[in-house]
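These are the residues of each chain, in order.
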Amino acid sequence: MTRPYLDQLRDAAQASERAEAEFRRFAERRLETMSAERVRAYRRCQLVSDMIQNALPLPQPEECVAAQIGYVLSQAGWAAGDTGYDEVSEQLSHVAALVHADLHREPGVASSMVVAALEAFESWYRQRFGTEFPALQPNAVSAFQPLVDF
């Protein structure tokens, strides 16, 4: 036998269960998005750090830019004979030239332009190849793996 107050309590419990399930789905999607953003941010940081490390010992512009591009593209899986290599190299050279200028010539001016140039390169790459620039594995990625149980 059912009582109205029992039905009312059951309805409230089921509504809470639905709300919890909806929140869990939202939280999972949000964590996935945040995790992807974190990975992308570390990848970008490592990419520029690698460019800096390759640029530091080379004060001559052509040699410095070539070393940065060669290293980054090889780490990303590109080889000199690949279709599109020259095009990617040319686009990445804008970032490499700014890194060189920041380290060896005009630190104030070039420094403020590196991130924008990287964003322009990434945007170009997405449009040209329909995918993100291949992710480089950072040397020190955060080992934090979010496990959430509400």
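Description of the structure in this document. Keep in mind the model is a prediction, meaning the values are calculated, not measured.

How each quantity is defined
Note that residues are indexed from 1 along each chain, following the sequence as it is written. Local features are withheld for residues below a pLDDT of 70 in this predicted model, meaning they are given only at 70 or higher, and side-chain atom pairs are given and counted only at 80 or more; totals for whole chains, interfaces and linings count all residues. Note that water and hydrogens are dropped before the side-chain values are worked out from all heavy atoms of the structure. Labels follow the DSSP assignment, with helices taken as runs of H or I lasting at least four residues and strands as runs of E lasting at least two, numbered in each case from the N terminus. Categorising residues by exposure relies on relative accessible area from a 1.4 Å probe, with only protein chains included: less than 20% of the type maximum marks a residue as buried, more than 50% marks it as exposed, and the intermediate range marks it as partly exposed. Contacts between residues were defined by any pair of non-hydrogen atoms, one from each residue, lying within 4.5 Å. Nonpolar cores were defined as sets of buried Ala, Val, Leu, Ile, Met, Phe, Trp, Tyr and Cys residues, with membership established by side-chain atoms within 4.5 Å. Expected helix span is given by 1.5 Å per residue-to-residue step, counting one fewer step than there are residues. To get the bend at a given residue, fit one axis to the seven residues ending there, fit another to the seven starting there, and take the angle between those axes. Stacked, edge-to-face and tilted are the three classes for Phe, Tyr and Trp ring pairs, Trp counted by its six-membered ring, which pair at centre distances within 6.5 Å; planes under 30 degrees apart are stacked, over 60 edge-to-face, the rest tilted. Distance and angle both matter: a charge sits over a ring if NZ of Lys or CZ of Arg is within 6 Å of the ring centre and within 35 degrees of the ring normal.

## Quick word on the overall build of the chain
Thinking step 1. The secondary structure content of the chain amounts to 5 helices and 0 strands.
Thinking step 2. When the helices and strands of the chain are read in sequence order from the N terminus, they spell out α-α-α-α-α.
Thinking step 3. Sorting the 150 residues of the chain into buried and exposed places 28% on the buried side.
Thinking step 4. The contacts in the chain between residues at least 6 apart in sequence include a share of 68% that link residues at least 24 apart.

## Digging into the nonpolar core
Thinking step 1. Counting residues in each nonpolar core, the largest one holds 28 residues, and the members touching the most others are Leu73, Trp78, Val88, Leu92, Val95, Phe121 and Phe133.
Thinking step 2. Looking at this core, the elements that each hand over two or more residues are helix H1 (4-55), helix H2 (61-75), helix H3 (85-104) and helix H5 (114-129).
Thinking step 3. Among the elements that take part in this core, H3 stands out by supplying 8 residues, more than any other.

## Quick look at H3
Thinking step 1. Counted at 1.5 Å a residue, the expected span for H3 with its 20 residues is 28 Å, and the 27 Å between its end C-alpha atoms agrees.
Thinking step 2. The principal kink in H3, of about 35°, is found at Ser93.
Thinking step 3. Along H3, the residues that are buried comprise Tyr85, Val88, Ser89, Leu92, Ser93, Val95, Ala96, Leu98, Val99, His100 and Ala101.
Thinking step 4. Buried-residue contacts for H3 involve H1, H2, helix H4 (107-111) and H5.

## A short note on the packing of aromatic side chains
Thinking step 1. The full count for this structure, using the stated rule, is 10 aromatic pairs.
Thinking step 2. Ring plane angle 85° and centroid distance 6.4 Å describe the contact between Trp78 and Tyr125, whose orientation is recorded as edge-to-face. Pair noted here: Trp78 is in the loop between H2 and H3 and Tyr125 is in helix H5, with a separation of 47 residues, a long-range link. Each member of the pair, Trp78 together with Tyr125, is buried.
Thinking step 3. Through successive ring pairs, a cluster of aromatic residues spans Trp78, Phe121, Trp124, Tyr125, Phe129 and Phe133.
Thinking step 4. Across from the ring centre of Phe129, 4.6 Å away, lies the NZ or CZ of Arg128, which sits over that ring.

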